[in-house]
Amino acid sequence: DVVMTQTPVSLSVSLGGQVSISCRSSQSLVHNNGNTYLSWYLQKPGQSPQLLIYKVSNRFSGISDRFSGSGSGTDFTLKISRVEPDDLGVYYCGQGTQYPYTFGAGTKLELK
Amino acid sequence: VQLVESGGGLVQPGKSLKLSCSASGFTFSSYGMHWIRQAPGKGLDWVAYISSSSGTVYADAVKGRFTISRDNAKNTLYLQLNSLKSEDTAIYYCSTTHFDYWGQGVMVTVSS
């Protein structure tokens, strides 16, 4: 199985600040079709996860351009700029390249 | 797009339960669907996938015990949970093919 390792486990940020979350996979996430199926999700307290970024760097419909994804192969990053109160929660990376699909353990974003 | 899960509850170890996910707002029959679960206070754990043509894939932890199915006439996704164990206790979410839409989740508690 592909192991997804997220760092850090938690982050404290001031409103308006910028943060980065790292996600590394134990194997390359490049699919046979050439696509890289690495996504980022945010789970706000008491809610279901919501898709933010798909295929490494594509923002899902309605997602602010304050969120950006980058990376390739096994090393990926989510950056959040100008952090707002509504950004707080747990961020997960997930891979959809190879079954079983797997997720990172999560990064909790909190206010400083 | 709306996904609404139902059928959860408290069940004894070794017993069975059937979850449903009612879908609306998209052409259900054209899309593969997933079940994902989240144990209390833990991260996301992919459970199973069914394609639009009803091909299925399962996580090793549930293979042989859980069955994913769909009824396109009713726009409904199902998850039959048999031989339940305490470690199956979780919130169960249904989600669309690329994890772009998630239901609100349904709680399954396995305990004597």
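Quantities reported herein were computed from a predicted structural model and do not represent experimental measurements.

J.: Which residues make up the pattern of salt bridges, and what values go with them?
T.: When charged atoms on two side chains of opposite charge get close, those side chains can pair. Counting across every chain of the model gives ten salt bridges over all chains. As a salt-bridge pair, R24 of chain A and D75 of chain A come within 3.4 Å of each other at their nearest N and O atoms. Of this pair, R24 of chain A sits in strand β3 (residues 19-25) while D75 of chain A sits in strand β8 (residues 75-80), and the two are 51 residues apart along the sequence. With its nearest N and O atoms 3.0 Å apart, the salt bridge here joins D45 of chain B to R37 of chain B. On the basis of relative accessible area, D45 of chain B is assigned to the partly exposed category, the value being 34%. Take R37 of chain B: its relative accessible area is 7%, and that puts it in the buried class. Salt bridges linked by common partners bring R37, D45, R65 and D88 of chain B together as one network.

J.: Kindly report on the pairing of strand β5 (residues 49-54) of chain A, identifying the contributing residues and their values.
T.: Moving residue by residue along a regular strand, the side chains alternate between the two faces of the sheet. All names here are of chain A. The pairing of strand β4 (residues 38-43) with β5 spans four bridges and is antiparallel. The partner of W40 across the bridge, within β5, is I53. Count of turn residues in the β4/β5 antiparallel hairpin: five residues, of which G46 carries a positive phi of about 75°. Strand direction decides the pairing type here: β5 and strand β6 (residues 58-59), joined by two bridges, are antiparallel. Residue pairing for β6: I53 is matched across the bridge by R59. The antiparallel pairing of β5 with β6 creates a hairpin that spans three residues between the two strands, and K55 there sits at a positive phi of about 45°.

J.: How would you sum up the interface of chain B and chain A? Please name residues and give values.
T.: In this assembly, 19 residues from chain B lie in contact with twelve residues from chain A. Both faces combined, the contact of chain B with chain A buries some 1,300 Å², and carbon together with sulfur accounts for 68% of it. Contact with chain A buries area across many residues of chain B, yet L44, W46 and F99 of chain B alone supply 41% of it, more than any other trio. One can count four residue pairs in polar contact (both at pLDDT 80 or more) joining chain B with chain A. Sorting the residues of the side of chain B that touches chain A by element identifies β4 (33-38) and β5 (45-50) of chain B as the ones contributing at least two each. Class assignment of the residues belonging to the side of chain B that touches chain A gives a composition of nine nonpolar, seven polar and three charged.

How each quantity is defined
Residues numbered from 1 in each chain as written. Chains lettered and ligands numbered in written order. Predicted model: local features only at pLDDT ≥ 70, side-chain atom pairs only at ≥ 80, totals over all residues. Heavy atoms only, no water. Salt bridge = Lys/Arg side-chain N within 4 Å of Asp/Glu carboxyl O. Helix = DSSP H or I, 4+ residues; strand = E, 2+ residues; numbered from the N terminus. Buried < 20%, exposed > 50% of the residue type's maximum accessible area, 1.4 Å probe, protein only. Pairing = 2+ DSSP bridges. Contact = heavy atoms within 4.5 Å. Buried area = accessible area lost by both parts, 1.4 Å probe. Polar contact = N/O pair within 3.5 Å; in protein donor to acceptor, adjacent residues only side chain to side chain. Nonpolar A, V, L, I, M, F, W, Y, C, P; charged D, E, K, R; others polar.

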